[in-house]
Amino acid sequence: MKPNGGSGSYIDVVTVRRDSAAPTGETTVVRLLGLLPAHFACTPEVGPDRVRLRIELGGSTDCRAVRREVSRVLEDTALHGWTQEP
């Protein structure tokens, strides 16, 4: 968790492609963002095998909740082959 220069802070959550048969980052980021809660304010950084989501924290959105939601989303069959880095 790091300050974002605004009134709150953020967490960087990184997912990586572990299976070369899985879709690339460009497709995966769209799926991730579509499945995460709408109130998550995210800024993505995308590479072919890596997606970093910078998610603003505040209110009910804390580090633990963010990591839990990303883990839940990665269970979707469309995201098989991608894992969250610790």
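As the structure is a computational prediction, the values presented were derived from the model and not from experiment.

## What to know about the pairing of strand β2 (residues 9-17)
Summarising burial for β2: 8 of the 9 residues are buried, a large majority. With 8 bridges connecting them, β2 and strand β4 (residues 50-57) associate as antiparallel partners. Across the sheet, the residue bridging to D12 is R54, located in β4. Bridge analysis of β2 against strand β5 (residues 82-84) gives 3 bridges, and the strand direction is antiparallel. Residue T15 lies in a different strand from β5, and its bridge partner there is Q84.

## Here we look at helix α2 (residues 63-74)
With 12 residues, α2 extends 17 Å from end C-alpha to end C-alpha; this agrees with the ideal 16 Å at 1.5 Å per step. Turning to α2, its buried residues number three or more, namely A65, V66, V70, V73 and L74. On an axial view of α2, the arc spanned by its buried residues comes to 165°, and they lie on one face. Away from the buried face of α2 by more than 90 degrees, exposed residues R64 and R68 are located. Close packing links the buried residues of α2 with β2, α1 (25-35), β4 and β5.

## Digging into α1
Among the residues making up α1, those that are buried are G25, T28, V29 and L32. Angularly, the buried residues of α1 cover 100° about the axis, an arc narrow enough to put them on a single face. Facing away from the buried surface of α1 by more than 90 degrees, the exposed residues are V30 and G34. On its buried side, α1 packs onto β2, β3 (42-46), β4, α2 and β5.

## Quick look at the nonpolar core
L32, L53, I55 and V66 are the most contacted members of the largest nonpolar core, which has 17 residues in total. Mapped onto this core, the elements with two or more residues apiece are β2, α1, β4 and α2. L32 has contacts with T15, V51, L53, V73, L74 and L79, leaving out every residue within four places of it along the chain.

Analysis parameters
The residue numbering used here restarts from 1 in each chain and proceeds along that chain's sequence as written. Residues qualify for local features only when their pLDDT is at least 70, as the model is predicted, and side-chain atom pairs are given and counted only at 80 or more; totals for whole chains, interfaces and linings, by contrast, use all residues. Derived side-chain values reflect all non-hydrogen atoms in the structure, with water molecules and hydrogen atoms excluded from consideration. Only protein chains enter the calculation, and the probe is 1.4 Å; a residue is then buried if its accessible area is under 20% of its type maximum, exposed if over 50%, and partly exposed in between. Helix and strand assignments come from DSSP, with helices taken as H or I runs of at least 4 residues and strands as E runs of at least 2, each series counted from the N terminus. When DSSP finds two or more bridges between two strands, those strands count as paired. Helix span, expected: 1.5 Å multiplied by one less than the number of residues in the helix. As used here, the arc belongs to the directions running from the helix axis to the C-beta atoms. Residues count as neighbours in contact if any of their non-hydrogen atoms are within 4.5 Å of one another. Here, nonpolar core refers to any group of buried Ala, Val, Leu, Ile, Met, Phe, Trp, Tyr and Cys residues whose side-chain atoms link them within 4.5 Å.

Just geometry here; none of it tells us what the structure is for.
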